[in-house]
Amino acid sequence: MPRTLVQALAEELVRASNILGDLAYDLGSDGDTLRRHMASLQAIDHVTQMQLAIADLLRAPDEITANAGRVTLEDMAVRLRGALDGTTGADA
């Protein structure tokens with residue numbers, strides 16, 4: 001895959017994360033919505049963190065194995081380690 005496309009995809013992930021983050025902030029600013037949908041808002045935050053981690057990995061493809069070990073989202077890190085060592089890691 002061309003390096004410029006990989007970089008563009010990373011930037012699109014960051015852009016999507018920012019949009020989701022803004023949406024979560026807007027929804028969370030209403031107390032009633034926040035109370036009713038806390039778990040969903042936390043899921044949005046988790047997705048944005050995943051997208052940003054993927055964007056970071058895409059930005060340094062030559063170091064992807066080393067960088068995958070530094071992913072701070074444990075469930076995602078387990079899946080990535082599984083993909084790198086040939087196990088599925090899908091249960092995490």
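About the cut-offs
- Residues numbered from 1 in each chain as written.
- Predicted model: local features only at pLDDT ≥ 70, side-chain atom pairs only at ≥ 80, totals over all residues.
- Heavy atoms only, no water.
- Helix = DSSP H or I, 4+ residues; strand = E, 2+ residues; numbered from the N terminus.
- Buried < 20%, exposed > 50% of the residue type's maximum accessible area, 1.4 Å probe, protein only.
- Contact = heavy atoms within 4.5 Å.
- pLDDT = per-residue confidence, 0-100.
- Axes fitted to C-alpha atoms, helices over the stretch in contact; angles between N-to-C directions.
- Parallel < 35°, antiparallel > 145°, perpendicular 65-115°, else oblique.
- Left-handed = near helix turned anticlockwise from the far one by under 90°.
- Nonpolar A, V, L, I, M, F, W, Y, C, P; charged D, E, K, R; others polar.
- Expected span 1.5 Å × (residues − 1).
- Core = buried A, V, L, I, M, F, W, Y, C linked by side-chain atoms within 4.5 Å.

J.: Before we move on, can you summarise the overall build of the protein chain with the specific residues and values?
T.: A tally of helices and strands in the protein chain yields 5 helices and 0 strands. Going from N to C terminus, the protein chain has its helices and strands arranged as α-α-α-α-α. A burial count over the protein chain gives 23% of its 92 residues as buried. Residue pairs in contact within the protein chain that sit at least 24 positions apart in sequence constitute 49% of those at least 6 positions apart.

J.: Let's hear about the side chain of Gln-51: which residues, and what values?
T.: Structurally, Gln-51 can be placed in helix H3 (residues 38-59). Leave out the neighbours within four places in its chain, and Gln-51 touches Leu-13, Ala-16, Ser-17 and Leu-20.

J.: Summarise the confidence of the model for the protein chain; cite the residues concerned and give the values.
T.: Per-residue confidence for the protein chain averages 86 on the pLDDT scale, and 86% of its residues sit at or above 70. At the low end of the mean pLDDT range in the protein chain sits helix H4 (residues 64-68), at 65; at the high end sits helix H2 (residues 31-36), at 96.

J.: An account of the packing of helix H1 (residues 3-28) against H3 is requested, with residue identities and associated values reported.
T.: Orientation of H1 relative to H3, taken along the N-to-C sense of each, is 160 degrees, at an axis distance of 9 Å. In terms of orientation, H1 and H3 fall into the roughly antiparallel class. The interaxial crossing formed by H1 with H3 has left-handed handedness. The residue makeup of the contact of H1 with H3, split by class, is 16 nonpolar, 6 polar and 3 charged.

J.: Would you mind going over the packing of H3 against helix H5 (residues 74-85) in detail, with residue names and values included?
T.: For the pair H3 and H5, the least separation of the axes is 10 Å and the interaxial angle reads 40 degrees. Relative to H5, H3 is oriented oblique. Between H3 and H5 the crossing geometry is right-handed. On H5, the residues that touch His-46, Met-50, Ala-53, Ile-54 and Leu-57 of H3 are Asp-75, Met-76, Arg-79 and Leu-80.

J.: Mind laying out H3, listing which residues take part and the relevant values?
T.: Residues spaced three or four apart along an α-helix face the same direction, because each turn holds 3.6 residues. When the terminal C-alpha atoms of H3 are compared, their 32 Å separation across 22 residues agrees well with the 32 Å that a helix rising 1.5 Å per residue should span. Those residues of H3 not exposed but buried are Leu-41, Ile-44, Thr-48, Gln-51, Ala-53, Ala-55 and Leu-57.

J.: I'd like to hear about the nonpolar core, residue by residue, with values.
T.: Core analysis: the largest hydrophobic core is formed by 6 residues, namely Ala-53, Leu-57, Val-71, Leu-73, Met-76 and Ala-77. Among the secondary structure elements, those contributing two or more residues to this core are H3 and H5. Not counting chain neighbours up to four residues away, the residues in contact with Ala-53 comprise Val-71 and Met-76.

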